[in-house]
Structures are given as C-alpha cells and as structure tokens.
Amino acid sequence: MTDRREVNIRVPVLARVEGEGALEIDIADGRIADLKLRIYEPPRLFEKFLEGRAYHEVPDMVARICGICPVAYQMSAVHALENIFGTDPGPWVRAMRRVMYCGEWMESHSLHIHLLAAPDFLGYRSVIEMAHDHPVEVRRGLALQALGNDLIRLFGARSVHPVGVRVGGFHHAPALQEVQALCQRLRAALPQAEALVAWTASLATGGNAQQFTSVATRHRNEYPMNEGHIVSDRGLDIGIDRYEQHFAEHQVAHSTALHSLLHGQPYLVGPLARVNLNQDLLHPPVRTALGATGIQFPSANLFHSIVARAAEIYYALLEALRLLDQYALPQVPFSEIVPRRGVGYGCTEAPRGMLWHRYETDDQGLIRVARIVPPTSQNQARIEQDLRRSLEAFGLDRSDADLRFFGETVIRNYDPCISCATHFLRLTVRRL
Amino acid sequence: MTQARIIGVGSPFGDDQIGWDAVEALLADGLIERYPPRSVEACCCGNPVELLMLSKDAQAVFIIDAMKSGAEVGTVRRFGPNQLESNQTFISTHGVSVAEAVALGQTLNLLPATLVLYGIEIHPAVLERQKTVRAAIPVLLRAIAIDLESFILV
C-alpha cells in the first residue's frame, strides 16, 4: 500500500562526518518531493589564499585544508607545481611519496571503518556503544590507524598537517633504523588487515545495486595513488590536464560546496570506484582476500565501499612494506626547483577519492591562480542521487527515525569530508 | 613504561592549537628536565583518537586541549575522566572528541591508572589568536607541575 502521509525529515547536524552538513527530505504522496544534502559550513577560500604566495609555501598551506587527508592535498599540489617547473624528483622521492600516501590511506580508512561507519552497519549509535560488544575489532582499528599516523609522521614530522613535504621531494629523509622499526610493525599488522577485509564483508550485507559511473585515476602498472590518467567505467580515458573539458562544477543554493558533474551527470569517486576500475592492480594477497568474501567487483552496491576501504588498507600495508624493504638513505631527499611561468596539473587519490589541482605561476613561481576540486564536491551530487534511490528502496513508509538513521548511514558510507569541500565564494563587485 | 606523559591535543586552526602551544611552553620551561630521564614525556597529537594509543605505556597521562564550556575565554579547568560527559565540548575534528575518545578508552580498558584533562577555554568562532587564551599557559603549567609533584617519585 502506498503511504500518502506527508513527512518532513530534518537532520540539522550530521554526526560522524567531517564538517558541518545537514539533510532535508520532504515526502509527499509516497514519493520524495525534495531532498537536499545541505552543506552550510562557511566557505574556506583556500584557493584565494594561495594567490600571490610563493610555490614553496603551497605544500604547507594546502595541508591545512584537511586534518584527515593533508597528504593528499600536499601530493596533488607538488605534482602540479613540478609539472609547471619541469621537475623530475627521481625514483626515491616517487617511492617515498607513495609510502607516505599509504600511511594516509591506512589512517583515514581505519578511522572511517571502525569509528564512523561500522556502528551504522551493526546498529549502534556510536563506536563507544559498539566497543562494548566488539572490543577486539575496535582495538584493531585503533592500532591500524596509529600505524598509518606513524607512517605519515616518518616523513612529515607530525601526522596532522605534516610539514615534511616540499616541491621537489622531502625536507628530510628518515634514518634507516626508524624505517626498519616501522617495517617490523607493518609486517606484524598484515594478518589484522587481512582479517579486516573479511570482517567488513560480513557487515556490508544490505544495500542495493544502483547504476552510477565510477571515476578514478589509473596507472599502467600500479594501483593508483600519485599518478595516472583519469578513467571511468563508461569509456572516459583522459590526461589529467583535460579534466576541465569533461567535468564541470556548479553552484547550488543549498550548499557552500560546489557540485561536480561528468558530462552533466553525477559520478562516484573514492575507494569503491578505485577498486571497480583497478582491482587487477591490487597485490595478489589483496585480490585473494577480496575473492574470499564472495563479493563480486566491480560492484554497484555502494555499501561495498567499506570492503573496498579495507582492501585498500591491506594493499597500503603491503605496498609500504614493498617500498620500505628496499629503503636506502638518499644523498639529498629532494630535487632543486627552478621556478618558471606556466600552468600545471596534479591529480592524486585522496582516501575519499580523486583530488584535482590546477595552478598558474609567474616567472618567480608565485601562484597566480589556484583551483582545487576535492572528492566530496565530486561525490555530492552522487550522494543526493543515492539517497533518493536508497530511501525509496528502503521504504518511505518506515518511521521517521528509521528513515533518518538510514539516510545518515547512506551519507556516512561515502565518508564525506565537508570541511574539504567548502571552498568557493561567489563574489559580485559593482563599480558605480 | 614511562611514569607520566603529557599530551597536547589540537589543530593549526586559531586557538585550537593551544594544546600544542602549552606543550611547547612546557618543554621550553624545562619542567620535564626536573625529573629522571624518560620518567616524564610530552608530545602532541591532532586526532583525539590517537590519545588512546599514546596513553598505552604510561602510568599517568595529562591531556591538554582547547575547551568550550561557557566559561570566560582563557579559563583553565581540570577534569578527571569520570567528570566528562561524552558530549562535552572539547574542540575536535571528524566527529570524535576528546571526551568520546576517553569514553572509548574506558570501554576498551586502554586508559592509564591516572588520567587528568586540562581544558583551556577558547572562542572557537574566532580565527585570530586571542591573547587571553595564550595568557592561560603559565597558570596551566603551574597546575601541571603540582600534579607531577604528586605523581612522580623523584
């Protein structure tokens, strides 16, 4: 029987997401009449802050955009600026950047799986409630997160807003002893990461298959992190410098974050999109662990994102070990920069998805224009589309409390980082 | 196992970094050097969840964080773990506050035998650093020194 009641659900403050957002749903005649993921956090204006600053200030400035994924912002920025200056930092820097990024994936994904998403899947209001019944799993999550933080700290001196990254490489190379000690801990954590894949698969039993476009970067011989071209499962395959020809951001009245569309349509970035498009490039033990879950990838069920996140933690551990087992102290941990005028692009894979940067510099390397497109902006239209479909499949005749909880679960499943996404300001100047 | 670890929690946003500033001031003050080597340590962290792993091998942990309790800006308050409500507003990121991290630590038996939290009242909506907040650091250091005297056997 169709529910004819009128329902207005308001979630004024979304919990367990980074930043300030709200959800509004209006139901009339058994259908969703209106649905808005409102992002009301004030605009951050980072792109404007960067204008006029020297290129060497950029890595430390963009790290401030996010406390959870600062490495991603630093990596997209240094790649874009090196693209302008024609700098090749060499194989040591390339490998260690990848290791540092592994740390961020481990830290961010562990936090999301255990503290933010798992309580939803298991029906708890918070991780504190969940920890009473699942202490072993929560301890495992905390340990993996700490390990990721220590990996970031190895290169960045601190895990939040690290300061070790510079255009051309790193300010400092860690001592061999430090690296060896961390390798021992990484190796010891491998069974935990493998078990995590199976555990998340046991949680992700709900959800529904939806049609959507997965977008991620892809590299010819490694799982994407710092480099690659942009691909989709609908045939898109472009260099990162052609992003603006295919993707367009637009303003919506209910959000201080821009909505990004691919050829006018919502799309998905993030761990599920990455696994959907790059599972052949995961290390064999990760593919085996994923295969054992019985879940088929590519998957059209967004609730499988938590499994993709776990697979990426396992991958990050193995990848960091692969690279650090060959660690040798370099003579110099960076390449010298000769600034020049130009336009450059960087596109790397933040834990939440593709993070695209574009900079214009002058002859001295001062930033003339900066543009940053974070993953949450790119996912926002997809989240609203998913909410409509998932809530209707869930049943609009459910109680308000059930609809509210389910709606929040759908949003949190994307691990949105609202603080990262709120960075635009439309300014009109009238000169009379 | 170290006898006491002092942890400053914060972020680089405005006065939310007061926990980091306090640890820096404490190190500059030489407070730690008054005790036997490695018996007292100090460090900083960003995400409150990190507190739990940082607290693991210490007998006593002293946490310093920015606080919003309605008191005057610059007020220093001292709490035991049982005096915190999990929704008490210590300024935090990513939906996990210090109070929630402490509650989680209690559930998982990860907290040290002694846990003391120091909150310094800030105005979170103001991005510029407030002199009244920084002026609270000497008050805080005196309070920590008194606590250390009672916990550390020299």
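One structure accompanies this document, and this report is about it. Computed from a prediction, not measured in an experiment: that's the story for all the values here.

### Describing the overall build of chain A
Then comes step 1: For chain A, the helix and strand inventory stands at 14 helices and 13 strands.
Then comes step 2: A compact globule built from 432 residues should have a C-alpha radius of gyration of about 22 Å, and chain A, at 21 Å, falls within 12% of that.
Then comes step 3: Overall, the C-alpha framework of chain A stretches about 70 × 70 × 40 Å when taken along its three principal axes.
Then comes step 4: Buried positions account for 63% of the 432 residues belonging to chain A.
Then comes step 5: Partitioning the intrachain contacts of chain A with sequence separation of at least 6 by distance along the chain shows that 72% fall at a separation of at least 24.
Then comes step 6: Total accessible area on chain A stands at roughly 16,500 Å², and carbon and sulfur atoms take up 50% of it.

### Structural notes on the sheet that holds strand E3 (residues 58–67) of chain B
All names here are of chain B.
Then comes step 1: Spatially, E2-E1-E3-E5-E4 is the arrangement adopted by the five strands of the open sheet, whose pairing is mixed. Two strands close off the open sheet at either side, each with one partner strand: strand E2 (40–45) and strand E4 (76–79). Within the sheet, the average angular offset between the axes of one strand and its neighbour, ignoring direction, is 20°.
Then comes step 2: Relative to E2, strand E1 (residues 2–9) runs parallel, the two sharing six bridges. Following the sheet pairing, glycine 8 is matched in E2 by cysteine 44.

### Considerations on the sheet that holds strand E8 (residues 237–238) of chain A
All names here are of chain A.
Then comes step 1: Across the sheet, which stays open at both edges, the three strands sit in the order E6-E7-E8 with antiparallel pairing between neighbours. Strands with a single pairing partner mark the edges of an open sheet, and in this sheet they are strand E6 (215–218) and E8.
Then comes step 2: Strand direction decides the pairing type here: strand E7 (residues 229–232) and E8, joined by two bridges, are antiparallel. Bridge pairing in E8 places isoleucine 230 opposite isoleucine 238.
Then comes step 3: Contacting E6 and E7, helix H9 (residues 271–278) crosses the sheet at an angle of about 55° to E6.

### Considering the pairing of strand E10 (residues 259–262) of chain A
Residue and element names in this part refer to chain A.
Then comes step 1: In E10, alternate side chains face the same way, and those of His259 and Leu261 on one face and Ser260 and Leu262 on the other are all buried.
Then comes step 2: Relative to E10, strand E9 (residues 247–250) is paired through four bridges, and the arrangement is antiparallel. Among the inter-strand pairings, phenylalanine 247 is bridged to a residue of E10, identified as leucine 262.

### Some remarks on the packing of helix H4 (residues 90–122) of chain A against helix H11 (residues 305–324) of chain A
Residue and element names in this part refer to chain A.
Then comes step 1: The interhelical angle for the contact between H4 and H11, taken along N-to-C directions, is 155°, at an axis separation of 8 Å. By the angle between their directions, the pair H4 and H11 is classed as roughly antiparallel. The handedness of the crossing between H4 and H11 comes out as left-handed.
Then comes step 2: Looking at the contact of H4 with H11, its residues break down into 18 nonpolar, three polar and four charged.

### Concerning the pairing of E1 of chain B
Residue and element names in this part refer to chain B.
Then comes step 1: Burial of E1 is extensive: seven of the eight residues sit out of reach of the surface.
Then comes step 2: The sheet contact formed by E1 and E3 spans six bridges and is parallel. Paired with glycine 8 across the strands is isoleucine 64, a residue of E3.
Then comes step 3: With respect to chirality, the unit in which E1 leads through helix H1 (residues 18–29) into the neighbouring parallel E2 is right-handed.

### Description of the packing of aromatic side chains
Residues and elements named next belong to chain A.
Then comes step 1: Taken as a whole, this structure holds 15 aromatic pairs over all chains when the rule is applied.
Then comes step 2: Centroid distance tryptophan 92 to tyrosine 327: 6.1 Å. Interplanar angle 55°. Geometry classified as tilted. Remark: tyrosine 327 occurs in the loop between H11 and strand E11 (342–350) and tryptophan 92 occurs in helix H4; sequence separation between them is 235 residues.
Then comes step 3: Ring plane angle 40° and centroid distance 5.9 Å describe the contact between tyrosine 345 and tryptophan 356, whose orientation is recorded as tilted. A residue pair is termed long-range when its members are at least 10 positions apart, and tyrosine 345 in strand E11 and tryptophan 356 in strand E12 (residues 353–361) qualify at 11 residues.
Then comes step 4: By the ring-pair criterion, three or more aromatic residues cluster together here, those being Tyr243, Phe247, Tyr267, Tyr345 and Trp356.
Then comes step 5: Cation over ring: arginine 166 sits above phenylalanine 334, and NZ or CZ is 3.5 Å from the ring centre.
Then comes step 6: A cation over an aromatic ring shows up here: arginine 398 above the ring of phenylalanine 394, its NZ or CZ 4.0 Å from the ring centre.

Criteria and cut-off values
- Residues numbered from 1 in each chain as written.
- Chains lettered and ligands numbered in written order.
- Predicted model: local features only at pLDDT ≥ 70, side-chain atom pairs only at ≥ 80, totals over all residues.
- Heavy atoms only, no water.
- Helix = DSSP H or I, 4+ residues; strand = E, 2+ residues; numbered from the N terminus.
- Rg over C-alpha atoms; globule rule 2.2 N^0.38 Å.
- Buried < 20%, exposed > 50% of the residue type's maximum accessible area, 1.4 Å probe, protein only.
- Contact = heavy atoms within 4.5 Å.
- Areas by Shrake-Rupley, 256 points an atom, 1.4 Å probe, with all protein chains shown as cover.
- Pairing = 2+ DSSP bridges.
- Axes fitted to C-alpha atoms, helices over the stretch in contact; angles between N-to-C directions.
- Parallel < 35°, antiparallel > 145°, perpendicular 65-115°, else oblique.
- Left-handed = near helix turned anticlockwise from the far one by under 90°.
- Nonpolar A, V, L, I, M, F, W, Y, C, P; charged D, E, K, R; others polar.
- Right-handed = clockwise from strand over helix to strand, strands pointing away.
- Phe/Tyr/Trp six-rings, centres within 6.5 Å; stacked < 30°, edge-to-face > 60°.
- Lys NZ or Arg CZ within 6 Å of the ring centre and 35° of its normal.

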